[in-house]
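# Notes for the structure review
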Amino acid sequence: MDYLATGQEMSLMDKLGILTDAAKYDVACTSSGVDRKGNGTGIGNCVAAGICHSFSSDGRCISLLKILQTNECIYDCKYCQNRCSNDIPRATFTPDEICTLTMEFYRRNYIEGLFLSSGIIQSPGYTMERIYRTVWLLRNKYRFNGYVHVKAIPGADPMLIRQTGFLVDRMSVNLELPTAEGLKALAPNKHRKTILTPMRQIQNEITSNKEDIVLYRNAPRFVAGGQSTQMIIGATPESDFQIINVAESLYQKFQLKRVFYSAFVNVTRDKLLPALPGGPPLLREHRLYQADWLLRFYGFRAEELLDEKRPFFNVLLDPKEDWAVRHLEQFPVEINRAPLELLLRVPGVGVKSAQRIVAARRKVNLNFADLKKIGVVLKRALFFITCSGRMMYPVKLDEDYIVRNLTEKRDRVQFGSDGMTYRQMSLFDDDQFSRPLRAVEQLQTAMGQV
């Protein structure tokens, strides 16, 4: 339902409510999508105010205003709540309205940047032109120099994508579904070649721009933060093996910064979509993110983690543990002699921990107390390592024994006899952040909407 079509004038805050809610399923940045209110006893809440979070190159968490330019769309993708056949409230921001919202939120220190996506209104070219116009105004008229991440629209004029790329920090092109077959079944208006074309253009422009910067110190930067993409997981029957192979190929061929995985949420109830009686496959999404981390930082290849005979991850173990218990012939690893590449394959040893081990053992032979100080998660690593030829406790290099100890509390090796305690650390922290309702109320007051 379009409010304007009924003769009602939609306020800016009404649009904000509709278009922030419509953007919550796009996960090409770190975000929450929950609307838990404050209970009066603590600090903060998670209302659907369109604030999401990403991370800068130096590790800082930055808050972004996350909105759609419009939830109008000419496409009818079966999995999308904004599909043209869905009867939902529709709204469209003008470029100036997006700029106004961004500046007002920024001045109040609620955000540090903008994440702008969009449904396809009229045509891909028209949609991309409006995105470009918005970012141009934000940079040139409003003098906003904060972080901006936008979606490149497949099918748009390459010149528009190029012009936009010189104004933004990151661009992303959603792959949508892992395979061309999945797209054909659920998004017949979209085609893999059309999606990969702007992705290749952005990669080529980034490479060319780096050469220009070397030659001309003041040359403008093109998408300095790189590009990313998103895949929906669970809407189509691809295996984990297929998905991580697609991700590995994207990293190798397009030099992507991130591949985001979005657990499928059945919001349209289309008959072609899976029922998912257990809810969205969030644990599967988590395992894929962990595997993705192994591909990017730990030197693993997709074919090492899974294969056609074993195409899905074990949900009880993280992918590195799962790999380790299936390759016990490579363990135990001697901490004081093993190369960095092998240390990175030990469960409980992260990239920084492995680098600290290599640096510290040049001066002294490390023991288990040293490893704990370095940051090794001994609760997981003790089955796979030795220090000066000795294991921390007498354990068996047996797959069933190790799996039981890693997954079942009653079978775990008991700690504490040496006065040391350990805390299991997850590979990813998924803390949710938000701003209080007062932020929206103050913005309403400032804009005369109350």
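Predicted, not measured: the structure shown is a model, and the values here were computed from it. (Residues numbered from 1 in each chain as written. Predicted model: local features only at pLDDT ≥ 70, side-chain atom pairs only at ≥ 80, totals over all residues. Heavy atoms only, no water.)

It is worth spelling out the overall build of the protein chain at this point. The secondary structure content of the protein chain amounts to 16 helices and nine strands. The burial tally for the protein chain puts 53% of its 450 residues in the buried class. Restricting the contact set of the protein chain to residue pairs at least 6 apart, pairs at least 24 apart contribute 66%. Put simply, the protein chain shows about 22,400 Å² of open surface, and 50% of that area lies on carbon and sulfur atoms. (Helix = DSSP H or I, 4+ residues; strand = E, 2+ residues; numbered from the N terminus. Buried < 20%, exposed > 50% of the residue type's maximum accessible area, 1.4 Å probe, protein only. Contact = heavy atoms within 4.5 Å. Areas by Shrake-Rupley, 256 points an atom, 1.4 Å probe, with all protein chains shown as cover.)

Okay, the packing of helix 7 (residues 240–254) against helix 8 (residues 282–297) next. Across the interface, helix 7 lies against helix 8 with an axial gap of 11 Å and an inter-helix angle of 40 degrees. For the element pair helix 7 / helix 8, the angle class is oblique. Considering only the axes of helix 7 and helix 8, their crossing is right-handed. Every residue of helix 8 that contacts helix 7 at Asp240, Ile243, Ile244, Ala247, Glu248 and Tyr251 is listed here: Arg284, Leu288, Ala291, Asp292, Leu295 and Arg296. Class assignment of the residues belonging to the contact of helix 7 with helix 8 gives a composition of seven nonpolar, no polar and five charged. (Axes fitted to C-alpha atoms, helices over the stretch in contact; angles between N-to-C directions. Parallel < 35°, antiparallel > 145°, perpendicular 65-115°, else oblique. Left-handed = near helix turned anticlockwise from the far one by under 90°. Nonpolar A, V, L, I, M, F, W, Y, C, P; charged D, E, K, R; others polar.)

Another point: the packing of aromatic side chains. Taken as a whole and assessed by the stated rule, the structure comprises ten aromatic pairs. Between Tyr106 and Phe144, the ring centres sit 5.2 Å apart and the planes meet at 90 degrees, which makes this aromatic pair edge-to-face. Linking Tyr106 in helix 2 (residues 95–107) with Phe144 in the loop between helix 3 (124–141) and strand 4 (147–151), this pair joins segments that are 38 residues apart in sequence. Ring plane angle 80 degrees and centroid distance 6.4 Å describe the contact between Phe383 and Tyr401, whose orientation is recorded as edge-to-face. Residue Phe383 is located in the loop between helix 14 (378–381) and strand 9 (385–386), and its partner Tyr401 is located in helix 15 (residues 399–407); the two are separated by 18 residues in the primary sequence. Like Phe383, the residue Tyr401 is buried in the burial classification. Three or more aromatic residues link up through ring pairs in this structure, and these residues are Phe300, Trp323, Phe331, Phe383, Phe384 and Tyr401. Geometry around Phe260 places Arg258 over its ring, the cationic atom sitting 4.6 Å from the centre. (Phe/Tyr/Trp six-rings, centres within 6.5 Å; stacked < 30°, edge-to-face > 60°. Lys NZ or Arg CZ within 6 Å of the ring centre and 35° of its normal.)

With their axes 10 Å apart at the nearest point, helix 3 and helix 4 (residues 158–165) run at an angle of 20 degrees to one another. Between helix 3 and helix 4, the crossing angle belongs to the class labelled roughly parallel. Read as a crossing pair, helix 3 and helix 4 show a hand that is left-handed. Here Gly125, Met128, Glu129 and Tyr132 of helix 3 come into contact with helix 4, specifically with Leu160, Ile161, Gln163 and Thr164. Partitioning the contact of helix 3 with helix 4 into residue classes produces four nonpolar, three polar and one charged.

With that settled, consider the confidence of the model for the protein chain. This prediction gives the protein chain a mean pLDDT of 85; 81% of its residues lie at or above 70. Taken as a whole, residues 30–36 scores under 50 in pLDDT and shows 22 contacts with residues more than four places along the chain or in a different chain. Segment residues 413–437: pLDDT under 50, and 55 contacts once partners within four positions in sequence are set aside and those in other chains are kept. (pLDDT = per-residue confidence, 0-100.)

On to the pattern of salt bridges. Pairs can form between side chains of opposite charge once their charged atoms are near each other. Inspection of every chain in the model, using the stated rule, returns 18 salt bridges. Put simply, Lys141 and Asp96 hold a salt bridge, and the shortest N to O gap is 3.5 Å. Of the two residues, Lys141 sits in helix 3 while Asp96 sits in helix 2, which places them 45 residues apart along the sequence. Overall, the relative accessible area of 53% leaves Lys141 in the exposed class. A residue is classified by how much of its surface remains accessible, and Asp96, at 33% relative accessible area, is partly exposed. A salt bridge links Glu304 to Arg301; its shortest N-O distance comes to 3.8 Å. Looking at Glu304, the relative accessible area reads 17%, which means it is buried. Given the relative accessible area of 42%, Arg301 is considered partly exposed. Three or more residues joined by partner-sharing salt bridges are found here, namely Arg301, Glu303, Glu304 and Arg345. (Salt bridge = Lys/Arg side-chain N within 4 Å of Asp/Glu carboxyl O.)

Position of Ser172 among the secondary structure elements: in strand 5 (residues 170–172). Accessibility expressed as a relative area gives 0% for Ser172, which makes it buried. Polar contacts involving the side chain of Ser172 include one to the side chain of His149, which spans 2.9 Å. (Polar contact = N/O pair within 3.5 Å; in protein donor to acceptor, adjacent residues only side chain to side chain.)

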